[in-house]
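Okay, here's what each chain looks like letter by letter:
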Amino acid sequence: MDALIPAPPSRPAPGAVHLPGWLGLQEQRDLVSACRAWAAGPVPLRHTKLPRGGVMSVQTVCLGWHWQPYRYTRTADDVNGLRVAGFPEWLARLGQRALADAYGDDAAAREYEPDTALINFYDGSARMGMHQDKDERSAAPVVSLSIGDTCVFRFGNTESRSRPYTDLHLSSGDLFVFGGPSRFAYHGVTKVFPGTGDPATGMASGRLNLTLRVTGLTD
Ligand SMILES: O=C(O)CCC(=O)C(=O)O
Ligand SMILES: [Fe+2]
């Protein structure tokens, strides 16, 4: 939680890697600016509607492909019907750098071509229940980047939402990658600590998380 003393790198499960403080301050600032522009449209940042009538407490906007429970489409049919913003090349390169640093396998990192990003904004009371990222038709790793307030990220197992799991803090600038045997592990966000982010990132409050993924889909 203390931005001045980043936690050491850790591997909570095989294929899962946490690299605290991976993004520099300027990279975080640039990502915040980019996310602010994406949040304005063509598809706005919004609370995703759930099939049984509820809404998610986080607010989300997608790039490349639009996710809604539980599929990807090019257009945001549950929002305004517009095509989502494209997935930029620079973000794919950032994802490759993340994989290279997490796994130390430059050749595998060069092959990584994420084509969607889910950008989630958490206010102080938002949470995300334990779930698997399993609407992709690819087992390529998920790259997660966090900016703003620190949260408790619960990283579990591939069998069920319950124990064993590891609770860790994801703070501003942290990278978390889950692939290989952990790719379909359950995970969630149980708590956000308001006021723990550095306003110099451009986030006055709240938490931003980007997950880069390979959908395995073609048009
Ligand atoms: O906010 C996070 O750290 C996790 C987000 C997540 O699991 C998701 O978008 O599927
Ligand atoms: Fe997820």
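What you see is a predicted model, and the numbers here were worked out from it, not measured in a lab.

Some points on the coordination of the iron ion (ligand 2)
- Within the protein, the atoms that donate to the iron ion (ligand 2) are H131 (NE2), D133 (OD) and H187 (NE2), at distances of 2.1 to 2.2 Å.
- Coordination of the iron ion (ligand 2) draws on donor residues from a single chain, spaced H-x1-D-x53-H in sequence. With a gap of 56 residues between them, H131 in strand β8 (residues 128-131) and H187 in strand β13 (residues 187-192) connect regions that are remote in the sequence.
- Of the residues examined, H187 reaches a relative accessible area of 5% and is grouped as buried.

Here we look at the site of ligand 1
- Around ligand 1 sit 13 residues, and of these N120, Y122, H187, R207 and R213 come closest.
- Y122 has a polar side-chain atom sitting 2.5 Å from an oxygen atom of ligand 1.
- Surface burial for ligand 1 is 96%, taken as the share of its 300 Å² of free accessible area covered by protein chains.
- When residues in the shell around ligand 1 are grouped by element, the largest group, four residues, is from strand β14 (residues 207-213).
- Split by residue class, the shell around ligand 1 holds five nonpolar, five polar and three charged.

Let's talk about the UniProt feature "binding site: Fe cation" (unreviewed entry) in the protein chain
- UniProt's entry tags H131, D133 and H187 with the feature "binding site: Fe cation" (unreviewed entry), counted in the numbering of this structure. What stands out for the annotated residues spanning 57 residues is how close their C-alpha atoms remain, the widest pair being 8.6 Å apart.
- For H131, the residues in contact, after removing those within four places along its chain, are A185, Y186 and H187.
- Here G129 takes part through its backbone oxygen, which lies 2.8 Å from a polar atom of the side chain of H131.
- Note that D133 resides in the loop between β8 and β9 (142-148).
- Its relative accessible area of 3% is what places D133 among the buried residues.

Calculation criteria
- Residues numbered from 1 in each chain as written.
- Chains lettered and ligands numbered in written order.
- Predicted model: local features only at pLDDT ≥ 70, side-chain atom pairs only at ≥ 80, totals over all residues.
- Heavy atoms only, no water.
- Donors = N, O, S within 2.8 Å, 3.2 Å for Na, K, Ca; no water.
- Helix = DSSP H or I, 4+ residues; strand = E, 2+ residues; numbered from the N terminus.
- Buried < 20%, exposed > 50% of the residue type's maximum accessible area, 1.4 Å probe, protein only.
- Near = heavy atom within 4 Å.
- Polar contact = N/O pair within 3.5 Å; in protein donor to acceptor, adjacent residues only side chain to side chain.
- Areas by Shrake-Rupley, 256 points an atom, 1.4 Å probe, with all protein chains shown as cover.
- Nonpolar A, V, L, I, M, F, W, Y, C, P; charged D, E, K, R; others polar.
- UniProt positions renumbered as here; feature names shortened; annotations may be inferred.
- Contact = heavy atoms within 4.5 Å.

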